[in-house]
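Examining the three-dimensional arrangement
Listed below are the residues making up each chain.
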Amino acid sequence: MIVVSSPALAKEVIQAHKSTFSTRLAPVVAKIFSYDGNEVAMLPYGPDWAAMRKVLAREVISNQALDACRALREGAVLAGIREYRQAIGEMTVLLGRPNVSDAFPLLTRFDLQGIQGQATKLAKRFDCIITSVIERRLKDLEGKEGMVFKDLLQILLQVQGRADATGRLLSDSFLHFKGLVLDVASGGSDPATTLIEWAMTELLNDEKVMTKVVQELDQVVGPNNVVEEHHLKELNYLNAVVKETCRLHVGIMGLTPRLAGQPCTIGGYHIPKGAAVFVNTWAIHRDPQNWAEPLQFRPERFLDSCEDGPRFDFMGSSFQFLPFGSGRRVCVGLNLAERLMKYVLASMLHSFEWKLPDGEEKLDFSDKLGVVAKKVKPLVAIPFPRRLGKLGCEVQF
Ligand code: HEM
């Protein structure tokens, strides 16, 4: 495994050699979870990947589809199912555990750490949940062909089995279809909720930043209104808070390693065909050569008024800031994730004042190794309705 930890080398891998590094290394556990690699994130670069990615980007999570299924972002559909959320949480933890079988494929059948056994059980549990949700929804939809689509699952069901302009089926098997549901389900909830929890932790730790966010919300939304999606583009400081949270808290395994499809030279070093190259965004995001006081939570560095601010977008145009990756395999759900994080945070902070429980003054910032850096100790905070002044009750994130 070759590790790349500078923006210049990340650019070489992701942009200059994009044709060489278009396929991800599929860790053994990820293959177990993804119906043997049948999801966008794990498919090798090629026509199947392109067709499935197109379905996700253009049909399932396009801006039009998102507008049509606001209910999802307001807490409905799959994300509301407790067992599903628990299974996704366990999945991300297992995906982040280093597995000796990935380094030495010959050892895969021995499953020395027992990780594959646990993954297989969890994958079965997850499959039962997805299958039953799909079947239930299909039953609900019987005889209602003409109805307006309301959520992502219904949009996925509409897409299944339809051919695109080239005649290729958009999602030609139930397996591909379940892979697509998994792409939306696993990408959709866990990283976003984890980052929201981190944003709240940072804000509760810094009164000045919290005050600025709340003042901006009062100015843009108005004290007596509720947050609506059209407010989001005017919330510049909140946007900077979300970016700074992404900079500090994406997991160490943020970008899954990519495989060299052919030999090439990166930074003057020869990379043989088949080598795995890991772009370490965690290190890039914390390198003092890239960021002043990199361990400080300072949203100001992302403001448009700041000299460098405008070049850091979520698309990974600057190789210094890559929370959603960059290039061909950039996160296909980034628009949804960005809207979701901003909307949830804005609503929570505009409606409530948040305090730590009595006696808890020091916040815990330790995190777990994983695809997303989950908090070791979940944040517990108490919301007080901002305009009614009533006593709140504890909320565990
Ligand atoms: C805060 C939330 C999220 C974060 C931090 C995140 C992060 C990432 C990252 C770092 C990648 C790898 C990009 C690369 O290798 O260049 C990725 C890929 C991907 N993400 Fe996300 N993601 C999030 C939300 C979502 C959502 C909401 C969805 C779907 C609805 C999604 C679906 C995917 C898929 C399918 C891929 C694989 C794309 C491909 O290989 O072509 N993600 N994500």
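This structure is a prediction, so every number in the text was calculated from the model and none was measured.

Some details on the overall build of the protein
If you tally the helices and strands in the protein, you get 14 helices and nine strands. Within the span of the protein, comprising 397 residues, buried residues form 50% of the whole. For the protein, long-range pairs separated by at least 24 residues make up 69% of all intrachain contacts whose partners lie at least 6 apart in sequence. Carbon and sulfur atoms provide 54% of the accessible area of the protein, an area that totals close to 19500 Å².

Quick notes on the sheet that holds strand β3 (residues 258-259)
Overall, mixed pairing links the four strands, which are arranged β1-β6-β3-β2 in an open sheet. Here the strands that pair on one side only, and so sit at the sheet edges, are β1 (2-4) and β2 (23-24). The sheet contact formed by β1 and strand β6 (residues 276-279) spans three bridges and is parallel. Bridge pairing links Ile 2 to Val 277 in β6. Where helix α1 (residues 7-16) meets the sheet, it contacts β1, β3 and β6, and its direction lies at approximately 130° from that of β6.

Comments concerning the environment of Asp 48
For Asp 48, the position within the fold is in helix α3 (residues 47-60). On the accessibility criterion, Asp 48 (38% relative accessible area) is partly exposed. With ten residues separating them along the chain, Asp 48 and Asn 38 place their C-alpha atoms 9.2 Å apart.

A look at the site of the ligand
The local shell around the ligand holds 29 residues, among which Arg 24, Arg 53, Arg 258, Arg 329 and Cys 331 are the closest. One of the side-chain nitrogen or oxygen atoms of Arg 53 is found 2.7 Å away from an oxygen atom of the ligand. Within the side chain of Arg 329, an N or O atom sits 2.7 Å from an oxygen atom of the ligand. Listed by contribution, the elements that provide at least two residues to the shell around the ligand are α3, α10 (174-205) and α14 (334-351).

Focus on the coordination of the iron atom of the ligand
Protein coordination of the iron atom of the ligand rests on one atom only, Cys 331 (SG), at 2.3 Å. As for its position among the elements, Cys 331 is in the loop between α13 (281-285) and α14.

Overview of the UniProt feature "binding site: heme" (unreviewed entry) in the protein
In this structure's numbering, the residues bearing the UniProt feature "binding site: heme" (unreviewed entry) are Cys 331. Cys 331 sits in the partly exposed class, given a relative accessible area of 32%. The contacts of Cys 331, once residues within four sequence positions are left out, are Arg 53 and Phe 324.

A closer look at α14
Since the α-helix advances by 3.6 residues per turn, residues separated by three or four positions end up pointing in the same direction. The end-to-end C-alpha distance of α14 is 26 Å, a good match for the 26 Å that 18 residues give at a rise of 1.5 Å each. Where burial is concerned, most of α14 is hidden: 14 out of the 18 residues are buried.

Remarks on the state of the cysteines
Linking two cysteines covalently via their sulfur atoms produces the bond known as a disulfide. Taken as a whole and assessed by the stated rule, the structure comprises zero disulfides. In this structure Cys 246 is not part of a disulfide, and its nearest cysteine sulfur, from Cys 331, lies 11 Å away.

Considering the nonpolar core
Membership of the largest hydrophobic core comes to 46 residues, with the highest contact counts inside it found for Leu 204, Val 213, Leu 217, Met 341, Leu 345 and Leu 349. At the level of elements, α10, α11 (207-221), α12 (236-249) and α14 are the ones that each hand at least two residues to this core. It is α14 that contributes the most residues to this core, nine residues altogether. Phe 33, Phe 126, Val 133 and Leu 182 belong to the second largest nonpolar core, which has 19 residues in total.

Here we look at the packing of aromatic side chains
This model, assessed by the stated rule, comprises eleven aromatic pairs. Judged by centre distance (5.7 Å) and plane angle (45°), the rings of Trp 291 and Phe 302 are tilted. With Trp 291 in the loop between α13 and α14 and Phe 302 in the loop between α13 and α14, this residue pair connects regions lying eleven residues apart in the sequence. Using a relative accessible area of 4% as the deciding quantity, one classes Trp 291 as buried. Seen in terms of ring centroids, Phe 314 and Phe 321 are 6.3 Å apart; in terms of plane orientation they differ by 45°. Their pairing is tilted.

Quick look at α12
For α12, which comprises 14 residues, the first-to-last C-alpha distance of 20 Å matches the rise-based estimate of 20 Å (1.5 Å per residue) to within 8%. When you tally the buried positions in α12, you get 13 out of 14 residues, the bulk of the element.

Considerations on the environment of Pro 223
With respect to the helices, strands and loops of the structure, Pro 223 is situated in the loop between α11 and α12. When the C-alpha atoms of Pro 223 and Ser 351 are compared, they prove to be 9.0 Å apart, with 128 residues separating the residues in sequence.

A short note on the packing of α12 against α14
Angle between the axes and distance between the axes are the two parameters that describe a pair of packed helices. Two elements in contact, α12 and α14, have axes separated by 10 Å at closest approach and are oriented at 120°. Seen from above, α12 lies across α14 with right-handed handedness. Residues Leu 238, Asn 239, Val 242 and Cys 246 of α12 touch α14, and the partners they reach there are Glu 338, Met 341, Lys 342, Leu 345, Ala 346 and Leu 349.

A short note on the packing of α11 against α14
Here α11 crosses α14 at 90°, and the two axes come no closer than 10 Å. Regarding the angle of α11 to α14, the classification is roughly perpendicular. Facing α11, whose interface residues are Met 210, Val 213, Val 214, Leu 217, Asp 218 and Val 221, α14 presents Ala 346, Leu 349 and His 350. In terms of residue class, the contact of α11 with α14 is built from seven nonpolar, one polar and one charged.

Focus: the pattern of salt bridges
One pass over the full model with this rule turns up nine salt bridges. Among the ionic pairs, Arg 386 bridges to Asp 218, the shortest N-O distance being 2.8 Å. Taken together, the residues Arg 386 in the loop between β8 (380-385) and β9 (395-396) and Asp 218 in helix α11 connect sequence positions 168 residues apart. Here Asp 218 falls in the partly exposed class, since its relative accessible area comes to 24%. The salt bridge involving Arg 301 is made with Glu 244; its shortest N-O contact spans 3.1 Å. Taken as a pair, Arg 301 in the loop between α13 and α14 and Glu 244 in helix α12 lie far apart in primary sequence, 57 residues in all.

So, how was this worked out
Residues numbered from 1 in each chain as written. Predicted model: local features only at pLDDT ≥ 70, side-chain atom pairs only at ≥ 80, totals over all residues. Heavy atoms only, no water. Helix = DSSP H or I, 4+ residues; strand = E, 2+ residues; numbered from the N terminus. Buried < 20%, exposed > 50% of the residue type's maximum accessible area, 1.4 Å probe, protein only. Contact = heavy atoms within 4.5 Å. Areas by Shrake-Rupley, 256 points an atom, 1.4 Å probe, with all protein chains shown as cover. Pairing = 2+ DSSP bridges. Axes fitted to C-alpha atoms, helices over the stretch in contact; angles between N-to-C directions. Near = heavy atom within 4 Å. Polar contact = N/O pair within 3.5 Å; in protein donor to acceptor, adjacent residues only side chain to side chain. Donors = N, O, S within 2.8 Å, 3.2 Å for Na, K, Ca; no water. UniProt positions renumbered as here; feature names shortened; annotations may be inferred. Expected span 1.5 Å × (residues − 1). Disulfide = S-S within 2.5 Å. Core = buried A, V, L, I, M, F, W, Y, C linked by side-chain atoms within 4.5 Å. Phe/Tyr/Trp six-rings, centres within 6.5 Å; stacked < 30°, edge-to-face > 60°. Left-handed = near helix turned anticlockwise from the far one by under 90°. Parallel < 35°, antiparallel > 145°, perpendicular 65-115°, else oblique. Nonpolar A, V, L, I, M, F, W, Y, C, P; charged D, E, K, R; others polar. Salt bridge = Lys/Arg side-chain N within 4 Å of Asp/Glu carboxyl O.

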